[in-house]
Amino acid sequence: MEHMDGGKPMISRIRIDGVPMPVLQVGNDTVLRAALREGVGFPYECNSGGCGSCRFELLGGEVHSLWPEAPGLSDRDRRRKQLLGCQSRALGDIAIKVRCSPEFVSAHRPRRQRARLMSSVDLTHDIREFRFATESPAEFSPGQYASVALGESGVVRSYSMSNLPNVDGQWHFQIRRVPGGAATGWLFGQSRIGDEVEIDGPYGLASLREHVRRDIVCVAGGSGLAPMVSVARGASAAGMLETGRLHFFYGAREPRDVCGDDLLRQLPQYQKSIRYCAVVSGAQRDRSAWSGETGYVHDAVARHLGADLGHYEFYFAGPPPMTEALQEMLMLQFRVPNRQLHFDRFY
């Protein structure tokens, strides 16, 4: 182990049962991020302590728990001395046991980069797209997200990219303002063009599967719009919509929350093989404010696509109640195989 000495970051060696070479944890990285940076298929989803997918067993050494009460661990897990990779930092050389799998190896290894705010544009009354630029190319897959450390605030949040990977180093995030939120308070109220942030990524498993030629269904709610727009753009750029179709559903609370259609209109396949449907839940109380679809977005998916749901590849992002309801409907009611469902759980 190497401690902070003369500006050098602390380095810990993590030996993972079944992995030939030790993983190096540098500085403030977590056990999970250290493994992902070195191409190890460490299981994970939310990367924030909520889902429990990154549980591991500590075989030797000591770790610091960043969030001891994280909901991703049950009381039974704690009794069995299970820990979360995303909330654990090695305090020296350690040995762990976890079931790694190739499916968790990203095509682009996550890395940290400094980025500058280049511009921002309002999409709705409370969603704004912030555009950052790094000196190196922006390497990610459509649908992935990055961890963003915001200026001098010390606040770190995960946001999905809405654009496509590019050599210009452009990272676009569509972010919904949260009343009283520390992150969005800084972004919406204090940030200025030229301000620096740190981008760490990419992360996430719900990225576009270009090799799959089933028709695509994207379902978004709130700022879950960003990764779904990226998936749609990626499918268009990859030529997947020349022969296939994409159905894009957006669930909003009120009519003023509806967005996304103007972004899809920029794609050459719009109205040819791309269909957009907005669904407003709050409009059930006042039909004079909205003449389109009402109710919950997962019900609209069933109404429009019906018994054929098993023939689609699904990508979805949004509030946990929306993603949970959609997943339950697809798997239990329509028996859609789990391998056709792609979403990252956030809490």
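Residues numbered from 1 in each chain as written. Predicted model: local features only at pLDDT ≥ 70, side-chain atom pairs only at ≥ 80, totals over all residues. Heavy atoms only, no water.

Asker: Hey, could you run me through the pattern of salt bridges in this one?
Answerer: Oppositely charged side chains can form a pair if their charged atoms are brought close together. In total, this model carries 14 salt bridges according to the counting rule given. Where Arg33 meets Asp200, a salt bridge forms, and the shortest distance between an N and an O atom there is 2.8 Å. You can see Arg33 sitting in helix H1 (residues 31–37) and its partner Asp200 sitting in strand S13 (residues 196–203), a full 167 residues away along the chain. In this structure, Arg303 and Glu293 form a salt bridge, with 2.7 Å as the shortest nitrogen-oxygen distance. Taken together, the residues span a long stretch of sequence, with Arg303 in helix H6 (residues 297–305) and Glu293 in strand S17 (residues 293–294) at a distance of 10 residues. Under the relative-accessibility criterion, Arg303 is labelled partly exposed at 47%. Through salt bridges with shared partners, a single ionic network connects Asp29, Arg33, Arg37, Arg112, Glu198 and Asp200. (Salt bridge = Lys/Arg side-chain N within 4 Å of Asp/Glu carboxyl O. Helix = DSSP H or I, 4+ residues; strand = E, 2+ residues; numbered from the N terminus. Buried < 20%, exposed > 50% of the residue type's maximum accessible area, 1.4 Å probe, protein only.)

Asker: Is there a simple way to explain helix H4 (residues 225–237) in this structure?
Answerer: Since the α-helix turns once every 3.6 residues, residues separated by three or four places project in the same direction. Look at H4: 18 Å from first C-alpha to last across 13 residues, which is about the 18 Å you get at 1.5 Å a residue. Within the span of H4, buried status applies to Leu225, Ala226, Pro227, Met228, Val229, Ser230, Val231, Ala232, Arg233, Gly234, Ala235 and Ser236. Looking at the buried positions of H4, the neighbouring elements they touch are strand S11 (155–160), strand S12 (170–176), strand S14 (215–221), strand S15 (246–252), helix H5 (261–264) and strand S18 (312–317). At the exit of H4 stands Gly239, carrying a positive phi of roughly 80°. (Expected span 1.5 Å × (residues − 1). Contact = heavy atoms within 4.5 Å.)

Asker: Could you clarify how one ought to interpret unusual backbone geometry in this entry?
Answerer: Glycine aside, residues mostly have negative phi, and peptide bonds are mostly found in the trans state. Following Gly201, the chain continues into Pro202 via a peptide bond in cis, with omega recorded as 10°. Relative to the elements of secondary structure, Pro202 occurs in strand S13. Here the phi dihedral of Asn47 falls at roughly 65°; this positive angle occurs in a residue that is not glycine. One can find Asn47 in the loop between H1 and strand S3 (55–60). Here Asn47 falls in the buried class, since its relative accessible area comes to 8%. Although it is not a glycine, Arg335 adopts a positive phi angle of roughly 55°. On the secondary structure map, Arg335 appears in the loop between helix H7 (320–333) and strand S19 (341–342). Classification of Arg335 as exposed rests on a relative accessible area of 64%.

Asker: For this particular structure, what's the right way to read the pairing of S14?
Answerer: Side chains on a regular strand alternate between the two faces of the sheet. Of all seven residues making up S14, six are buried, and the element is well covered by its neighbours. Relative to S15, S14 is paired through six bridges, and the arrangement is parallel. When the bridges of S15 are listed, Gly221 appears paired with Gly251. Once you follow S14 into H4 and on to S15, the crossover reads as right-handed. (Pairing = 2+ DSSP bridges. Right-handed = clockwise from strand over helix to strand, strands pointing away.)

Asker: Please clarify how the sheet that holds strand S8 (residues 111–122) should be interpreted in this entry.
Answerer: Strand pairing in a sheet takes place through backbone hydrogen bonds and is either antiparallel or parallel in direction. Spatial ordering of the open sheet is given by S11-S10-S13-S8-S9-S12, a layout of six strands whose pairing is antiparallel. Whereas interior strands pair on both sides, the edge strands pair on one side only; in this sheet they are S11 and S12. Averaged over all neighbouring strand pairs, the angle between strand axes comes to 40°, with direction disregarded. In this sheet, strand S9 (residues 127–133) lies alongside S8 in antiparallel orientation, the contact comprising six bridges. (Axes fitted to C-alpha atoms, helices over the stretch in contact; angles between N-to-C directions.)

Asker: Would you mind going over the environment of Thr30 with me for this structure?
Answerer: The topology assignment puts Thr30 in the loop between strand S2 (23–26) and H1. Residue contacts for Thr30: discarding those within four places in its chain leaves Gln25, Leu66, Gly85, Cys86 and Ser88.

Asker: How should H7 be read in this particular structure?
Answerer: Taking 1.5 Å as the rise per residue, H7 with 14 residues should run 20 Å; its terminal C-alpha atoms sit 19 Å apart, in good agreement. Taken as a whole, H7 has its buried residues at Met322, Thr323, Leu326, Met329 and Leu330. The arc that holds the buried residues of H7, viewed along the axis, is 135°, so those residues lie on one side. Along H7, the residues that are exposed and aim more than 90 degrees away from the buried face are Pro321, Glu328 and Leu332. Arg335 occupies a position one or two residues after H7 and carries a positive phi of about 55°. (Arc of directions from axis to C-beta.)

Asker: Looking at this model, I keep getting lost on the sheet that holds S3. Mind explaining?
Answerer: Spatial ordering of the open sheet is given by S2-S1-S7-S3-S5, a layout of five strands whose pairing is mixed. Taken across any chain shown, the strands that pair with only one partner, and hence form the sheet edges, are S2 and strand S5 (82–84). Strand-to-strand twist in this sheet, taken as the mean axis angle between neighbours without regard to direction, amounts to 45°.

Asker: Can you help me understand empty space enclosed by the protein in this one?
Answerer: Take a probe with the size of a water molecule and roll it over the atoms, and the empty space left behind shows itself. Taken as a whole and judged by the stated rule, the model has one cavity of 30 Å³ or more. Considering only residue class, the lining of the largest cavity consists of seven nonpolar, two polar and one charged. (1 Å grid on protein atoms, 1.4 Å probe; cavity = no way out; pocket = protein on both sides within 12 Å on 5 of 7 lines; lining within 4 Å. Points joined across faces, edges and corners; volume = space filled by probe spheres on them. Nonpolar A, V, L, I, M, F, W, Y, C, P; charged D, E, K, R; others polar.)

Asker: What is the right way to look at the layout of surface pockets in this model?
Answerer: The computed volume of the second largest pocket comes to approximately 690 Å³. In this structure, the second largest pocket is lined by 27 residues; those nearest its centre are Glu103, Leu205, Ala206, Arg209 and His342. In terms of residue class, the lining of the second largest pocket is built from nine nonpolar, 11 polar and seven charged.

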